[in-house]
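If you want the building blocks of each chain, they are given just below.
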Amino acid sequence: MKKGILLLPAILWLGGCSNVPTIPNIVPQLRIPRVTNNTLPKGQDIQQANAFLKAGKKREAAAAYFSASKNYRSPERERLILQAAELAATFNDIDLTQRYLAPVNYSGLNAENKARYRFTQALLAKNDRNYPEVLRILPQRVDGLPIELAQKILSTRMNAAQASKNKMALVQELVLHDATLTEEYQVKLNNDRIWNHVLLMDRQELDKGRKTIKNPILKGWLELGYLVKGFKGSGSVSPVFRIKLKDWQKHYPTHPGNVKVEQLLKYKPVATVKPYLGGIKPAKSKKK
């Protein structure tokens, strides 16, 4: 797939025009990890529930986990209840899910179990295709959570943002996702995606976002997109536009968008030659 870098000249040529071309840099749907039993107690009653889960019998496994929870104290008791509720949510039984969750006091849960509670509720919203609710319910910060749970939360957020068709929501999730990446090529690809989707937003939306967003990384991307969309040029980087880009760099010296700014500053339009369309045929002389 071509990176967004190659598309910058096209954006410069368009300048302030509103008809920015659609950029084919799609965010793939992320795989949601399966329900696991990695952090559950090891009692015999749990082993029976685990056997149901391994055999793909989710309803039976959920009932077994819920029943076993009565034999344990907090926080293991709540962990087992939440395991049952999450399973019920995966096969979209809302009544059963909420019945399992009924005895749980959310305010008394530890951080991990609070995240699991919210993830289960978000699954129900996702099943109803209520993607704004998914994003509202799920936490944005996943540091300190087990890796499997953190991956489920972030993957579900990303998929909900993409399915919502909300460009701002998707850009926000891409920015959040960037903090979880460790490989340089992954970071570069994700930043290309952020920039490409920023360029798909209209200038009014970018203006509103840059005035209200608090996250400095997201705000910087929106500010840069707003500058590019407002550029009124003939193909080259005008002195005024260059000054604005330099000002952006002063405000965001460590922002990942500096890579894009440097490419913009170095851009030189390729001179074009009007193609030859054929010679003018001489007029026929009139006969005397």
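Let me begin by describing the structure that accompanies this report. (Residues numbered from 1 in each chain as written. Predicted model: local features only at pLDDT ≥ 70, side-chain atom pairs only at ≥ 80, totals over all residues. Heavy atoms only, no water.)

1. A look at the pattern of salt bridges
Using the criterion set out here, one finds 14 salt bridges in the structure. With its nearest N and O atoms 2.8 Å apart, the salt bridge here joins Arg 210 to Asp 207. Remark: Asp 207 and Arg 210 occur in helix H11 (residues 203-212); sequence separation between them is three residues, near one turn of the helix. For Arg 210, a relative accessible area of 17% corresponds to the buried category. Judged by its relative accessible area of 17%, Asp 207 is buried. A salt bridge links Arg 210 to Glu 223, with the shortest nitrogen-to-oxygen separation between them at 3.0 Å. Pair noted here: Arg 210 is in helix H11 and Glu 223 is in helix H12 (residues 216-229), with a separation of 13 residues, a long-range link. On the basis of relative accessibility, which here comes to 18%, the residue Glu 223 falls in the buried class. (Salt bridge = Lys/Arg side-chain N within 4 Å of Asp/Glu carboxyl O. Helix = DSSP H or I, 4+ residues; strand = E, 2+ residues; numbered from the N terminus. Buried < 20%, exposed > 50% of the residue type's maximum accessible area, 1.4 Å probe, protein only.)

2. Some details on the packing of aromatic side chains
One pass over the structure, following the stated rule, counts four aromatic pairs. On the numbers, 6.0 Å between centres and 35 degrees between planes, the contact of Trp 195 with Trp 221 is tilted. Residue Trp 195 is found in helix H10 (residues 184-199), and its partner Trp 221 is found in helix H12; the two are separated by 26 residues along the sequence. Residues Trp 195 and Trp 221 agree in their burial class; the two are buried. (Phe/Tyr/Trp six-rings, centres within 6.5 Å; stacked < 30°, edge-to-face > 60°.)

Nothing here speaks to function; it is geometry throughout.
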